[in-house]
Each structure stands twice: as C-alpha cells, then as structure tokens.
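One-letter residues, chain by chain:
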Amino acid sequence: AEDEVTLFERDMKEFWIQFKISYGTEQNNQTSALRDLCKETIEALSEKWSKKLKEEDLMIDKIQEYNNEILEQSKYVAEKEEQLTEIKSKLNQEEEQQKNLTDSIGDLKEEVMKKMEIKSSKNKAAKEKVEQVSKITTLFKEHLGLEMRRIHGEQLQFIFRHIDHKDPDKPYVCTLSINEQGDYEVTSCTPPLDCIAELQLKLRETNNFSAFVANIRKAFTALSYK
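Residues numbered from 1 in each chain as written. Predicted model: local features only at pLDDT ≥ 70, side-chain atom pairs only at ≥ 80, totals over all residues. Heavy atoms only, no water.

- The name given to the chain in an unreviewed UniProt entry is Kinetochore protein SPC25, and the organism recorded there is Nicator chloris.
- As its UniProt record puts it under Subunit (unreviewed entry), the chain is described as follows: "Component of the NDC80 complex, which is composed of ndc80, cdca1, spbc24 and spbc25. The NDC80 complex interacts with mis12 and zwint."
- The annotation that UniProt attaches to the chain under Sequence similarities (unreviewed entry) is "Belongs to the SPC25 family." (UniProt positions renumbered as here; feature names shortened; annotations may be inferred.)

Rendered as structure tokens:
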C-alpha cells in the first residue's frame with residue numbers, strides 16, 4: 001500500500017509538472033500571440049494616426065496657404081480701393097476746377113460784353129459829337145473865319161484866321177479830341193492860352209460846342225492885342 005501511495009504521489013507530481021509545462025507553454029504561446037497582435041495593432045494604429053497627422057499637417061499647411069492668399073488678395077483689394085479713392089478725389093477736383101473755369105469764362109464773357117456795350121455806346125456818342133461839330137463847320141467858317149479839319153486819331157483841328165488885325169491870315173490853332181471816357185479834350189493850342197483848361201472844363205460841363213469855339217476865338221483875339 002505504501003508503494004502504491006508513493007507511486008500515486010510520484011505520478012501526481014509528474015502529472016502536475018507536465019500540466020504546468022503544458023499550461024505554461026500554451027500560456028506563453030498565447031501571451032506571445034497577444035503581444036504580437038498588440039504590436040501589430042499598435043503599429044497599424046501608429047501608421048494610421050501618423051498618416052492622419054500628416055494629412056492634417058498638409059491640411060493645416062493648405063489652410064495657412066489659403067489664408068496667406070486671402071491676406072494678399074485683401075491687401076491688393078485695399079490698395080486698389082485706395083487708388084480708386086484717389087482717382088475719384090482727383091476727378092472731383094478736376095470737375096470743381098472745370099466748373100470754376102466755366103464760371104470764370106462766363107464772368108469774363110459777361111464783362112467783355114459789358115465793356116463792348118460801353119465802348120459801342122462811347123463810340124456812338126463820339127460819332128454824334130463829331131457829326132455835330134461837322135455840321136456847324138460851314139457856319140463857323142463863314143462867320144468866324146474858322147477852318148476845321150479832321151486829322152489823325154479822330155481829332156478836330158480848328159484854325160482861326162482874321163484874329164490879328166496886323167496879319168489877318170495868321171493862323172491860331174486849337175486841336176480837340178474825344179478821350180476814352182467820351183469827354184472833349186484839348187490836345188494842343190497854338191499860341192497857348194492860359195484859360196484853355198477852364199474852357200475845356202466848361203465844354204465838358206455844358207456840352208455847348210458853339211460857345212466853346214466862340215470863347216476860344218475871343219481868347220485868341222484878346223491875346224493878339226497883348
């Protein structure tokens with residue numbers, strides 16, 4: 001009986017040893033397989049996430065590139081808007097200058113027209129005065145020994161004779177014109193008369209040409225007796 005117990009115990013030990021060996025080998029194989037599987041899974045995940053990260057990096061780079069392009073386009077648009085604003089400002093200034101120039105031209109035309117009207121009116125008045133003088137030329141010549149001539153510059157020259165009783169043919173000359181203001185003006189007097197300025201002023205005030213000529217003759221006559 002003791003041998004059988006010993007034998008049983010030995011067999012149980014051997015069985016246990018074999019079981020451990022068998023279980024340990026299987027366990028090791030399972031662990032190794034699991035480790036390999038984990039390794040493969042991790043490698044696959046690593047590769048997958050690495051690829052994904054690379055794609056995201058590329059996407060980020062692309063987005064940054066788009067942002068840079070948008071920024072450049074924004075700068076370009078801003079520059080063009082600024083240039084457009086400057087052009088509009090220059091156009092507005094040119095329009096204002098054109099308007100001012102047009103207004104100035106209009107004012108100048110109006111001023112020229114007024115001056116032309118004034119000049120025409122003065123010329124008309126001057127012609128009327130010359131005609132008035134011409135009409136009485138014959139009368140003065142016949143009664144006062146006066147000869148009247150129209151000389152250069154629309155001037156009238158009065159030549160008085162029969163003044164000096166010693167020399168009746170001696171000429172006494174007074175030249176009269178109409179100035180830019182439309183007034184009578186004595187331009188020369190031979191021999192000179194001290195009262196010529198007074199007589200000229202009186203002619204301008206009264207516009208009495210006949211009286212002026214008569215007074216000139218009287219002054220020349222008085223001078224001939226000195």
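**As for the nonpolar core**
Reasoning step 1: F158, F160, L176, F209, F212, I216 and F220 are the most contacted members of the largest nonpolar core, which totals 22 residues.
Reasoning step 2: Going through the elements one at a time, β1 (146-151), β2 (155-160), β3 (172-178), β4 (184-190), α3 (196-206) and α4 (209-224) are the ones with two or more residues in this core.
Reasoning step 3: For this core, the leading source of residues is α4, giving six residues. (Core = buried A, V, L, I, M, F, W, Y, C linked by side-chain atoms within 4.5 Å. Buried < 20%, exposed > 50% of the residue type's maximum accessible area, 1.4 Å probe, protein only. Helix = DSSP H or I, 4+ residues; strand = E, 2+ residues; numbered from the N terminus.)

**Side note on the packing of α3 against α4**
Reasoning step 1: Viewed as axis vectors pointing N to C, α3 and α4 meet at an angle of 165 degrees, and their least axial separation amounts to 9 Å. For the element pair α3 / α4, the angle class is roughly antiparallel. Between α3 and α4 lies a crossing whose hand is right-handed. Where α3 approaches α4, its residues I196, L199, Q200 and L203 are matched on the opposing element by F209, F212, N215 and I216. (Axes fitted to C-alpha atoms, helices over the stretch in contact; angles between N-to-C directions. Parallel < 35°, antiparallel > 145°, perpendicular 65-115°, else oblique. Left-handed = near helix turned anticlockwise from the far one by under 90°. Contact = heavy atoms within 4.5 Å.)

**Description of the packing of aromatic side chains**
Reasoning step 1: This model, assessed by the stated rule, comprises five aromatic pairs.
Reasoning step 2: Between Y172 and F220, the ring centres sit 5.2 Å apart and the planes meet at 55 degrees, which makes this aromatic pair tilted. With Y172 in strand β3 and F220 in helix α4, this residue pair connects regions lying 48 residues apart in the sequence. No difference in accessibility class separates Y172 from F220, as the two residues are buried.
Reasoning step 3: Aromatic ring contacts, followed pair by pair, group F158, Y184, F209 and F212 into a single cluster. (Phe/Tyr/Trp six-rings, centres within 6.5 Å; stacked < 30°, edge-to-face > 60°.)

**Looking at the side chain of Q155**
Reasoning step 1: Mapped onto the elements, Q155 comes out in strand β2.
Reasoning step 2: You can call Q155 buried: its relative accessible area is 13%.
Reasoning step 3: In this structure the side chain of Q155 is engaged in a polar contact, spanning 3.1 Å, whose partner is the backbone oxygen of H152.
Reasoning step 4: A polar atom in the side chain of Q155 sits 2.9 Å from the side chain of T187.
Reasoning step 5: Contact partners of Q155, with chain neighbours within four places excluded, come to R149, R150, T175, L176, S177 and T187. (Polar contact = N/O pair within 3.5 Å; in protein donor to acceptor, adjacent residues only side chain to side chain.)

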